[in-house]
Amino acid sequence: MANFSSGVARYGRTLSRCSCLFQRQSVALPSVTQSRNLNLQEYQSKELMSKYGCTVQRFRVADSHKTIVKLAKELGADEYVLKAQILAGGRGKGHFEPSGFKGGVKLTKNPEELSPWVEQMIGNRLITKQTPEKGVLVSKVMVAEAFDISRETYFAILMDRAHNGPVMVGSPEGGMDIEEVAEKTPELIFKIPIDIQIGITDEQAMEMASNLKFEGTLQREAAEEIKRMYELFLGVDATQVEINPFGETPVGKVVCFDAKINFDDNAEYRQKELFKLEDTSESDPREVQAASHNLNFIAMDGNIGCLVNGAGLAMATMDIIKLHGGEPANFLDLGGGVQENQVYEAFKLLNADKSVKAIFVNIFGGIVNCATVANGITAACRGMDLKIPVVVRLAGMNVDEASRILAESGLPIQTSDNLDDAAKKAVSCLQ
């Protein structure tokens, strides 16, 4: 069940740690919607923030140990932080294979030390608590100026359904798990709704900066950073911008030290350049292939391929397969506007997986036309010379026409109009 749970947790729009603040304070969470989840590396997020005028550490990116010293010297910093660029967390405590080098985050005041470190990072696999067992291949590193942090706060902007728009969330206690702050000291969590027609006012920005305990000239500086972050939030069609820590330095600078940005995939049509930055090197190739056809795919450990429409139906389908003694091989959601070619591509994806020994199609046609799915199924079965059993349960829009298409296809497709019966057939055909 562990793989089932972790797989489902990856589906839909990822809700970051700050969502718990709303849950614990009885504010409605943003809804989970079908999404591909754009992944950006740390340096890409910093580039975005810098573009919108947010204060971040100056940095350079290298793909070879031969250039890292020169790039670091261009920064002219008193101290440098070197970070392997992978999407997973826990880099500082990770280790590399096969080099055996320990630590994906390093600090030094001597730029000459960077080259041998980078040589043991790039081309090796970094293994952390959040990576797959074999780790993730490192192809880039980032070197940035290292700042001392005298005080850490937490700041985020996210879309909230209860307020019908964006909400600022902040706490003077940052740099730690914000869930712990919300649980132990909820009075230190501050929320300010934003009128999306007006935007953040100077008064709101100053109020949040005050809540975060910035004082004197730093309060105004923090307020300006907050306003720039809101410009970023709107400009990139984000659903969330989270800065932790949002800190101040001993020399009196307000800096966005670390950022997590979630994007609205529905806005991809007007954020084409941004979505071109997506890093898929750490993703399952099957998930990438599915996403290219606007499908959502998550691999599991079983042998029954599941083809469904809608996250709720997907989870119910996997539950009922397990109830009857089977094991789902995947979570493959066609979505609401599925076309025949997408059904074909979904079958191609499942058929290419050697662990899949049967395919269970479970569709409830509200928006989805069952006849469209049926035509896709028959085309796939003929076009691929499918050798594994296929069990189909269809209900809803145009189901009579869909049933006729399947019945007259002459293909060995088992059908049922009852979910429980269909699940039993899918499991029993492998016994």
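Residues numbered from 1 in each chain as written. Predicted model: local features only at pLDDT ≥ 70, side-chain atom pairs only at ≥ 80, totals over all residues. Heavy atoms only, no water.

(A) Representation of the sheet that holds strand S3 (residues 95–97) within the structure. The three strands are arranged S3-S5-S6 in an open sheet whose pairing can be described as antiparallel. The open sheet is flanked by S3 and strand S6 (136–137), the only strands paired with a single partner. In terms of strand pairing, S3 meets strand S5 (residues 125–127) through three bridges, oriented antiparallel. Bridge pairing in S5 places phenylalanine 96 opposite leucine 126. (Pairing = 2+ DSSP bridges. Helix = DSSP H or I, 4+ residues; strand = E, 2+ residues; numbered from the N terminus.)

(B) Expanded view of the nonpolar core. Among the nonpolar cores identified, the biggest contains 37 residues, and Phe155, Met168, Ile226, Met229, Phe246 and Phe263 are the most heavily contacted of them. Ranked by the residues each element gives to this core, the list is headed by helix H8 (residues 217–235), at eight residues. Setting aside anything within four residues of it in sequence, one finds phenylalanine 246 in contact with Glu152, Thr153, Phe155, Leu212, Phe214, Ala222, Glu225, Ile226, Met229, Val254, Val255 and Cys256. The next biggest cluster of nonpolar side chains, apart from the first, holds 36 residues, and it includes Leu349, Leu350, Val368 and Leu406. (Core = buried A, V, L, I, M, F, W, Y, C linked by side-chain atoms within 4.5 Å. Buried < 20%, exposed > 50% of the residue type's maximum accessible area, 1.4 Å probe, protein only. Contact = heavy atoms within 4.5 Å.)

(C) Quick look at the side chain of serine 64. Structurally, serine 64 is set in the loop between strand S1 (59–62) and helix H4 (65–75). Only 3.1 Å separates the side chain of serine 64 from the backbone nitrogen of lysine 66, close enough to count as a polar contact. (Polar contact = N/O pair within 3.5 Å; in protein donor to acceptor, adjacent residues only side chain to side chain.)

(D) Region of the structure containing the sheet that holds strand S4 (residues 105–108). Sheet architecture is open: four strands sit in the order S1-S7-S2-S4, paired in antiparallel fashion. Of all the strands in the sheet, the pair left with one neighbour each is S1 and S4. Taking the axes of each pair of neighbouring strands and ignoring which way they run, one obtains an average angle of 20° across the sheet. Sheet topology note: the strand S2 (residues 80–84)/strand S7 (residues 141–145) ladder contains five bridges and is antiparallel. Residue pairing across strands places leucine 82 opposite valine 143, the latter belonging to S7. Contacts from H4 reach S1, S2 and S7 within the one sheet, and its direction differs from that of S1 by about 170°. (Axes fitted to C-alpha atoms, helices over the stretch in contact; angles between N-to-C directions.)

(E) Seen up close, the packing of helix H12 (residues 340–351) against helix H13 (residues 370–383). Packing of H12 against H13 leaves a shortest axis separation of 8 Å and a crossing angle of 45°. What the angle tells us is that H12 and H13 run oblique. For the element pair H12 and H13, the recorded crossing hand is right-handed. Listed contacts from H13 to Glu340, Val343, Tyr344 and Phe347 of H12 are Thr372, Val373, Asn375, Gly376, Ile377, Ala379, Ala380, Cys381 and Gly383. For the contact of H12 with H13, the class distribution of residues is eight nonpolar, four polar and one charged. (Parallel < 35°, antiparallel > 145°, perpendicular 65-115°, else oblique. Left-handed = near helix turned anticlockwise from the far one by under 90°. Nonpolar A, V, L, I, M, F, W, Y, C, P; charged D, E, K, R; others polar.)

(F) Here's a closer look at the state of the cysteines. Applying the stated rule across the entire model yields zero disulfides. Residue cysteine 54 stays outside any disulfide, its sulfur separated by 5.0 Å from that of cysteine 256, the closest cysteine. Its relative accessible area of 5% is what places cysteine 54 among the buried residues. Cysteine 429 provides the cysteine sulfur closest to cysteine 381, a residue in no disulfide bond, and the two sulfurs are 13 Å apart. (Disulfide = S-S within 2.5 Å.)

(G) Inspection of the packing of helix H7 (residues 202–211) against H8 at higher detail. Look at H7 against H8: their axes get within 8 Å of each other, and the N-to-C directions meet at 120°. Judged on the interaxial angle alone, H8 and H7 are oblique. Regarding H7 and H8, the two cross each other, and that crossing is right-handed. Touching Asp202, Ala205, Met206, Met208, Ala209 and Ser210 of H7 are Gln219, Arg220, Ala222, Ala223, Ile226 and Lys227, all from H8. A breakdown of the residues in the contact of H7 with H8 according to their chemical character gives seven nonpolar, two polar and three charged.

(H) Up close: helix H3 (residues 42–51). Among the ten residues that make up H3, seven are buried, leaving the element largely enclosed by the rest of the structure. Buried within H3 we find Glu42, Tyr43, Gln44, Ser45, Lys46, Leu48 and Met49. Count one or two residues on from H3 and you reach glycine 53, which has phi positive near 85°.

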